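These are the residues of each chain, in order.
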Amino acid sequence: MRFVVGVMGPAKARKKDIENARMLGELIARREWVVLTGGRDVGVMDAASQGAKRVPRSLTVGILPSGRERISKYVDLAIITEMGSARNNINVMSSHVVVACGLTGSGTVSEVALALKAGKPVILVGATPVEEKFFKKLGGKLLAAVESPEEAINLIMKQFEQQQPESVQGARSWGGV
């Protein structure tokens, strides 16, 4: 089974969050991991999938709230749930680790909280000290905060390589981080 990294973030994201998501998607794909997002053609969801598609043979999965949403052209497998925001739980539970790029949307905040409640590890990229402190209270050791996508990938490798080496290491690394 391939390792799945859920990249969560707001539809109306800041420029820095978009850049981080795009780079994160690419770095995840270089490891032959699956990029899972909310699947829409906006914000962090679109950027992470776009970054992954820079890598040949990458796989992107989008979990969409309804069939009325526009699907990112960078999503390989779109799953239409017709569940609205309840689809956030599918995003979280289908991921081995959740990485959040920006916490300016209520959907992203709910995904982080759901992940922590489910005992899933969460990495916040570029979070403010207030955001980090809030989620650290909820998640304790399950939560980590980093400043860059590269740090997030390194942290995933460090934390999970020992626990699940066959899942974290792809068939081969495509270089980079």
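Structure first, text after, so check above.
Nothing here was measured: the structure is a model prediction, and the numbers come from that model.

## Remarks on the overall build of the protein
Stage number 1. If you tally the helices and strands in the protein, you get seven helices and seven strands.
Stage number 2. Starting at the N terminus and walking to the C terminus, you meet the elements of the protein as β-α-β-α-β-β-α-β-α-β-α-β-α-α.
Stage number 3. Against the globule reference of 16 Å for 177 residues, the protein gives a C-alpha radius of gyration of 14 Å, in line with a compact fold.
Stage number 4. Seen through its C-alpha atoms, the protein measures out along the principal axes to roughly 40 × 40 × 30 Å.
Stage number 5. Expressed as a percentage of the 177 residues in the protein, the buried residues total 51%.
Stage number 6. Taking the average location of the 24 positive side-chain charges in the protein and that of its 17 negative ones, the two points are 1 Å from each other.

## Considering the side chain of Thr 37
Stage number 1. When you line up the elements, Thr 37 lands in strand β2 (residues 34-37).
Stage number 2. A distance of 2.9 Å separates a polar atom in the side chain of Thr 37 from the backbone nitrogen of Gly 39.
Stage number 3. Setting aside its immediate chain neighbours within four residues, Thr 37 contacts Val 7, Met 45, Ala 48, Ser 49, Val 61, Gly 62, Ile 63 and Asn 91.

## Quick notes on helix α5 (residues 129-139)
Stage number 1. By the burial criterion, the buried members of α5 are Glu 131, Phe 135 and Gly 139. Along α5, the residues classed as buried sweep out an arc of 50 degrees about the axis, all on the same side. Counted as exposed and oriented over 90 degrees from the buried face of α5: Pro 129, Val 130, Lys 133 and Lys 137.
Stage number 2. Buried residues belonging to α5 abut α4 (106-117), β6 (122-125) and β7 (143-146).

## Quick word on the layout of surface pockets
Stage number 1. Counted as a void, the largest pocket has a volume near 320 Å³.
Stage number 2. Around the largest pocket, the lining is made up of 21 residues, and of these Gly 9, Ala 11, Arg 40, Met 45 and Gly 107 lie nearest the centre.
Stage number 3. Those elements giving two or more residues to the lining of the largest pocket turn out to be α3 (87-93) and α4.
Stage number 4. Ranked by residues supplied to the lining of the largest pocket, first place goes to α4 with four residues.
Stage number 5. Its residues placed into classes, the lining of the largest pocket shows five nonpolar, 11 polar and five charged.

## Focus on unusual backbone geometry
Stage number 1. For Arg 57, which is not a glycine, the phi torsion comes out positive at approximately 65 degrees.
Stage number 2. On the secondary structure map, Arg 57 appears in the loop between α2 (43-52) and β3 (60-64).

## Examining the sheet that holds β6
Stage number 1. Strand order across the open sheet formed by seven strands is β4-β3-β2-β1-β5-β6-β7, with parallel pairing between neighbours. Looking along the sheet, the strands with just one partner apiece sit at the ends: β4 (77-80) and β7. This sheet shows a mean twist of 20 degrees between the axes of neighbouring strands, independent of strand direction.
Stage number 2. Note that β3 and β4 share four bridges and pair parallel. Pairing of Gly 62 across the sheet is with Ala 78, part of β4.
Stage number 3. The strands touched by helix α1 (residues 15-30) within the sheet are β1 (4-8), β2, β5 (97-101) and β6, with β5 carrying the most contacts at an inclination of about 150 degrees.

## Remarks on the pattern of salt bridges
Stage number 1. Evaluation of the coordinates by the stated rule reveals seven salt bridges.
Stage number 2. The residue Arg 40 makes a salt bridge to Glu 69 at a minimum N-O spacing of 3.1 Å. Of the two residues, Arg 40 is situated in the loop between β2 and α2 and Glu 69 in the loop between β3 and β4; the sequence distance between them amounts to 29 residues.
Stage number 3. Lys 53 is the partner of Asp 76 in a salt bridge, and the nearest nitrogen-oxygen pair spans 2.8 Å. Note that Asp 76 is positioned in the loop between β3 and β4 and Lys 53 in the loop between α2 and β3, a separation of 23 residues in sequence.
Stage number 4. By relative accessible area, which is 41% here, Asp 76 ends up partly exposed.
Stage number 5. A residue is classified by how much of its surface remains accessible, and Lys 53, at 30% relative accessible area, is partly exposed.
Stage number 6. A single network of salt bridges, built from pairs that share partners, joins Glu 26, Arg 30 and Arg 54.

Parameters at a glance
- Residues numbered from 1 in each chain as written.
- Predicted model: local features only at pLDDT ≥ 70, side-chain atom pairs only at ≥ 80, totals over all residues.
- Heavy atoms only, no water.
- Helix = DSSP H or I, 4+ residues; strand = E, 2+ residues; numbered from the N terminus.
- Rg over C-alpha atoms; globule rule 2.2 N^0.38 Å.
- Buried < 20%, exposed > 50% of the residue type's maximum accessible area, 1.4 Å probe, protein only.
- Lys, Arg positive; Asp, Glu negative; His and termini not counted.
- Charge placed at Lys NZ, Arg CZ, Asp CG, Glu CD.
- Polar contact = N/O pair within 3.5 Å; in protein donor to acceptor, adjacent residues only side chain to side chain.
- Contact = heavy atoms within 4.5 Å.
- Arc of directions from axis to C-beta.
- 1 Å grid on protein atoms, 1.4 Å probe; cavity = no way out; pocket = protein on both sides within 12 Å on 5 of 7 lines; lining within 4 Å.
- Points joined across faces, edges and corners; volume = space filled by probe spheres on them.
- Nonpolar A, V, L, I, M, F, W, Y, C, P; charged D, E, K, R; others polar.
- Pairing = 2+ DSSP bridges.
- Axes fitted to C-alpha atoms, helices over the stretch in contact; angles between N-to-C directions.
- Salt bridge = Lys/Arg side-chain N within 4 Å of Asp/Glu carboxyl O.

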